[in-house]
Amino acid sequence: MDSTILWNNLNWKIINYYVAKIKIKIYKSSKDKDFIRVRNFQKLLFKSNYYLLKCIKDTTHEYNLNIDKQTLFLKLLSINIYKWNSYSENVKNININSNYVIYGKIFQNMIKNILEPEWQAIIGFTYYSVKKTICKLFKIIKYKKKIYIFETKITGFLKLKFLKIILRRFPIKNLLLKCIKNKSIDLSIELKDLLLNICLFEIENKIFIENTTIIRHKNELLIISENKKNIFYIKNTLDVWFNQRGLKLILPKLINLQNESFQFIGFELKKKKNVILIQPSVDSKKKIIFNLSKIWKFHYGHPIYQVIKAINNYIIDCKNYYKFCNIDYSINLNQNLFGQALQFAKRTHPKKSIGWIFKKYFKKSNKNKFIYFDNDPQNGIIILKNF
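Residues numbered from 1 in each chain as written. Predicted model: local features only at pLDDT ≥ 70, side-chain atom pairs only at ≥ 80, totals over all residues. Heavy atoms only, no water.

A. The environment of K131, seen in detail. Of note, K131 is situated in helix α7 (residues 130-141). Note on K131: relative accessible area 53%, which makes it exposed. Along the backbone, K131 and Y321 are 190 residues apart, and their C-alpha atoms lie at a distance of 8.9 Å. (Helix = DSSP H or I, 4+ residues; strand = E, 2+ residues; numbered from the N terminus. Buried < 20%, exposed > 50% of the residue type's maximum accessible area, 1.4 Å probe, protein only.)

B. Here's a closer look at the side chain of N230. Among the secondary structure elements, N230 is positioned in helix α11 (residues 228-244). Every residue in contact with N230, bar those within four places of it in the chain, is listed here: I209, E210, T212 and S225. (Contact = heavy atoms within 4.5 Å.)

C. Quick look at the confidence of the model for the protein. Of the residues in the protein, 82% have a pLDDT of 70 or more, and the chain-wide mean is 79. Ranking the elements of the protein by mean pLDDT puts helix α5 (residues 81-86) last with 50 and helix α12 (residues 282-298) first with 91. (pLDDT = per-residue confidence, 0-100.)

D. Structural detail: the packing of helix α14 (residues 330-348) against helix α15 (residues 354-361). It is at 10 Å that the axes of α14 and α15 come closest, and there the two elements cross at 110°. Taken together, the axes of α14 and α15 are roughly perpendicular relative to one another. In the crossing of α14 with α15, the sense of the turn from one axis to the other is right-handed. Contact residues: α14 offers F338, L342, A345 and K346, while α15 offers I354, I357, F358 and Y361. (Axes fitted to C-alpha atoms, helices over the stretch in contact; angles between N-to-C directions. Parallel < 35°, antiparallel > 145°, perpendicular 65-115°, else oblique. Left-handed = near helix turned anticlockwise from the far one by under 90°.)

E. Layout of the nonpolar core. Within the largest apolar cluster, 54 residues are counted, with the highest numbers of intra-cluster contacts made by I111, L115, I154, L195 and F242. Judged by nonpolar contacts, the second largest core, of 47 residues, contains I147, F264, Y305 and I382. (Core = buried A, V, L, I, M, F, W, Y, C linked by side-chain atoms within 4.5 Å.)

F. Molecular detail of the pairing of strand β3 (residues 220-225). Of all six residues in β3, six are buried, a share of seventy percent or more. A two-sided burial pattern is seen for β3, the buried positions comprising E220, L222 and I224 on one face and L221, I223 and S225 on the other. Here strand β1 (residues 148-155) pairs with β3 via six bridges, running antiparallel. When the bridges of β3 are listed, Y148 appears paired with S225. (Pairing = 2+ DSSP bridges.)

G. Region of interest: the pairing of strand β2 (residues 212-217). Among the six residues of β2, five are classified as buried, and the element is accordingly described as predominantly covered. Relative to β3, β2 runs antiparallel, the two sharing six bridges. Looking at β3, one finds that H217 is bridged to E220. Here β2 hands over to β3 after two residues, with K218 in that stretch at a positive phi of 55°.

H. Examining the packing of aromatic side chains more closely. Per the stated rule, a full pass over the model turns up 15 aromatic pairs. Sitting above the plane of the W12 ring, K57 keeps its charged end 4.4 Å from the centroid. Positioned above the aromatic ring of W356, the side-chain terminus of K352 is 4.9 Å from the ring centre. (Phe/Tyr/Trp six-rings, centres within 6.5 Å; stacked < 30°, edge-to-face > 60°. Lys NZ or Arg CZ within 6 Å of the ring centre and 35° of its normal.)

I. Representation of the packing of α12 against helix α13 (residues 304-321) in the model. In contact at an axis separation of 10 Å, α12 and α13 are set at 160° when each is read in the N-to-C sense. With respect to each other, α12 and α13 are oriented roughly antiparallel. Between α12 and α13 the crossing geometry is right-handed. Here K287, I288, N291, L292, I295 and W296 of α12 lie close against α13, whose contacting residues are V307, A310, I311, Y314 and C318. Among the residues making up the contact of α12 with α13, the classes are represented as nine nonpolar, one polar and one charged. (Nonpolar A, V, L, I, M, F, W, Y, C, P; charged D, E, K, R; others polar.)

J. Seen up close, the sheet that holds strand β10 (residues 380-383). Spatially, the three strands line up as an open sheet ordered β8-β9-β10, and their pairing is antiparallel. Of all the strands in the sheet, just β8 (362-364) and β10 have a single pairing partner and so form its edges. Strand after strand, the sheet turns through a mean of 45° between neighbouring axes, direction not considered. For β8 and strand β9 (residues 370-376), the ladder comprises three bridges, and the chain directions are antiparallel. Note that in β9 the partner of K364 across the bridge is F370.

K. Structural detail: the sheet that holds strand β6 (residues 267-272). Within the open sheet, the three strands sit side by side as β5-β6-β7. Their pairing is antiparallel. Bordering the open sheet on either side are β5 (262-264) and β7 (275-280), each of which pairs with just one other strand. Direction aside, neighbouring strands of the sheet carry axes that sit 30° apart on average. Where β6 meets β7, six bridges bridge the pair, whose relative direction is antiparallel. Bridge pairing in β7 places K271 opposite I276.

Written out as structure tokens, the structure reads:
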């Protein structure tokens, strides 16, 4: 491909078709367990300029970055990332983050998109959704009378010992390991999740005990059983297996579900007879309040309608994540939100009285509750949402 072609004149249909075609070939080869062809197709994709263009476009779009993509492409092309994999002892001379922070993000995007089709064929999926995890947990604990839960977390994803075992057949393993060792890049959350899922897929197929289940999401792990002995047997097996790969289990806690509640992926679950009560955990509520205060502080000096838009987007994200809760958790959060809104209005108009602020930014709804609002020049009146 000619590197002098302007970015705006690129034929994205051909680029997307080529990248998708190679990904499908990786997937099919992995399904047929032909790992030699998988490696060859991964090398072909990683060397491709089309693939580099696609990753630049996807990464800049994801992070909303206004960067000259043409010069970015030419600089990455001059680095010739794949050559450095062959001479990994010279990686000290290269810094992926040297000119742009985006270099590291593009590099990770390239690795993630090459690994995904291979492991999607083996595992069936590459990420655990919150909905599937909660539904699976619900089915297991709802009708059992006596049940024990062992909750813990996994650490050590960035240890070279762990990555060497996970990426032992990956074509550009040497380059990735060297970059992490020299702290040239920090692994993204998505790439960490993918590597952990690849790692735990091996152990989950080997461990099987009746009436005992392992549930995990990202780095959080639950072992659920009616018998304590089964839980400790699996825990000891995991300890040995994780130590060999440079991982550790931290913050272990054994819970009797009849008497205690437990926390998992930001939720607090408690069983009363055959009903499971779900609400955001105490730590999650504190985190929500802290994140709200950060948004208010970030918008100091900006018009109030801009802050309301940002807060509304965050509230929508929170409500979507905690939509499985069957306990009303909104009262304390709404009280905090009201206090933060009033404080921001006072800061915006320090010389005005509280009465003036209430007349300008607050009005009563039909339910006799105060609504916080402002006038957006483009969209008219914009109202602050509640939890």
